[in-house]
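# Residue-level structural notes
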Amino acid sequence: MQVILWNLQKARALWITHLQEDETEETEGPQSPCQLLNPALAHSISVASCGNIFSCGAEDGKVRIFRVMGVKCEKALGFKGHTLGVSQVCFLPESYLLLTGGNDGKIMLWDVSGGVEKKQKSPMKQTHRKKTKRAAYAKQGGNSSSASSVGEEPGKMSPKMSIEHGDKVNWLMGTKIKGQQNILVADQTNCISVYPLNEF
């Protein structure tokens with residue numbers, strides 16, 4: 001139930017957070033009986049392309065976003081992600097779009113840019129070739145956030161997309177196949193599922 005930032009050169013912990021004690025955000029909606037028995041075990045960590053923002057998916061169904069500030073970390077955002085444990089988290093390359101997969105058989109896409117961009121640079125690399133992509137992402141991000149704010153409660157995160165996969169998600173990854181963004185998903189079967197991300 002801990003997330004630890006390590007100094008690998010000295011093989012010592014620089015920062016530790018206890019997910020069980022990290023209950024600053026309000027629980028949205030009633031807890032399922034399964035969650036009362038499932039502590040906040042950290043299942044998956046994903047680092048954004050910028051290198052100092054990372055997400056943690058936990059057994060309590062919550063997703064936590066942290067910002068690395070030198071030798072410490074601070075919680076930038078936390079939200080209820082799934083009705084059961086969040087088994088996988090994965091940032092899409094060069095964005096703050098976060099994929100989550102859960103023990104509830106759902107795959108969700110979240111835009112966490114609003115919670116991390118206050119003190120954070122864009123995750124895009126600073127190259128001349130990428131300037132057009134940055135402009136396209138900024139425009140797309142503007143459309144997404146304005147669409148998500150309609151009908152939402154203030155401070156409540158809603159997914160940009162939700163897929164009912166059906167089986168517990170053991171692994172997921174966002175990748176381009178033939179120029180199109182897709183989600184690859186592994187579950188308890190011997191098949192890999194592919195879902196297109198046409199609008200992202």
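Residues numbered from 1 in each chain as written. Predicted model: local features only at pLDDT ≥ 70, side-chain atom pairs only at ≥ 80, totals over all residues. Heavy atoms only, no water.

In the nomenclature of an unreviewed UniProt entry, the protein corresponds to WD repeat-containing protein 53 isoform X5 from the organism Heterocephalus glaber.

### Notes on the sheet that holds strand β4 (residues 53–58)
Note: strands within a sheet are paired through backbone hydrogen bonds, in either parallel or antiparallel orientation. Sheet architecture is open: four strands sit in the order β3-β4-β5-β6, paired in antiparallel fashion. Two strands bound the open sheet, and with one partner strand each, they are β3 (42–47) and β6 (72–80). Strand after strand, the sheet turns through a mean of 25° between neighbouring axes, direction not considered. (Pairing = 2+ DSSP bridges. Helix = DSSP H or I, 4+ residues; strand = E, 2+ residues; numbered from the N terminus. Axes fitted to C-alpha atoms, helices over the stretch in contact; angles between N-to-C directions.)

### Considerations on the packing of aromatic side chains
In this structure the tally under the stated criterion is three aromatic pairs. When the ring of Trp15 is compared with that of Phe66, the centres are 5.6 Å apart and the planes differ by 70°; the resulting orientation is edge-to-face. Of this pair, Trp15 sits in strand β2 (residues 12–18) while Phe66 sits in strand β5 (residues 62–69); the two residues are 51 residues apart in sequence, bridging distant segments of the chain. Considered together, Trp15 and Phe66 belong to a single accessibility category, that of buried residues. Between Phe79 and Trp110, the ring centres sit 4.5 Å apart and the planes meet at 45°, which makes this aromatic pair tilted. Linking Phe79 in strand β6 with Trp110 in strand β9 (residues 106–111), this pair joins segments that are 31 residues apart in sequence. (Phe/Tyr/Trp six-rings, centres within 6.5 Å; stacked < 30°, edge-to-face > 60°. Buried < 20%, exposed > 50% of the residue type's maximum accessible area, 1.4 Å probe, protein only.)

### Here's the deal with the pattern of salt bridges
Where charged atoms of side chains with opposite charge meet at close range, the side chains can pair. Counted under the stated rule, the structure contains two salt bridges. Close ionic contact of Asp60 with Arg64 constitutes a salt bridge, the shortest N to O distance being 2.8 Å. Taken as a pair, Asp60 and Arg64 share a single burial class, namely buried. With a closest N to O distance of 2.6 Å, Glu74 and Arg67 form a salt bridge. Among the residues examined, Glu74 registers a relative accessible area of 25% and is labelled partly exposed. Judged by relative accessible area, which is 4%, Arg67 ranks as buried. (Salt bridge = Lys/Arg side-chain N within 4 Å of Asp/Glu carboxyl O.)

### Topic: the nonpolar core
Core analysis: the biggest nonpolar cluster contains 16 residues, and Ile53, Ile65, Phe79, Phe91, Tyr96, Leu98 and Val112 have the highest contact counts within it. Of all the elements in the fold, those that place two or more residues in this core are β5, β6, β7 (86–91) and β9. Per-element accounting of this core gives the leading share, three residues, to β7. If you look at the next biggest cluster of nonpolar residues, it comprises 13 residues, including Ile107, Leu109, Val185 and Leu197. (Core = buried A, V, L, I, M, F, W, Y, C linked by side-chain atoms within 4.5 Å.)

### A closer look at the sheet that holds strand β11 (residues 171–177)
Spatially, the three strands line up as an open sheet ordered β11-β12-β13, and their pairing is antiparallel. Edge strands, defined here as strands with exactly one partner in the open sheet, are β11 and β13 (192–196). Within this sheet the neighbouring strands show an average axis-to-axis angle of 30°, counted without direction. Two strands pair when backbone bridges link them, and β11 and strand β12 (residues 180–186) are joined in this way by seven bridges, in the antiparallel orientation. The partner of Gly174 across the bridge, within β12, is Ile183.

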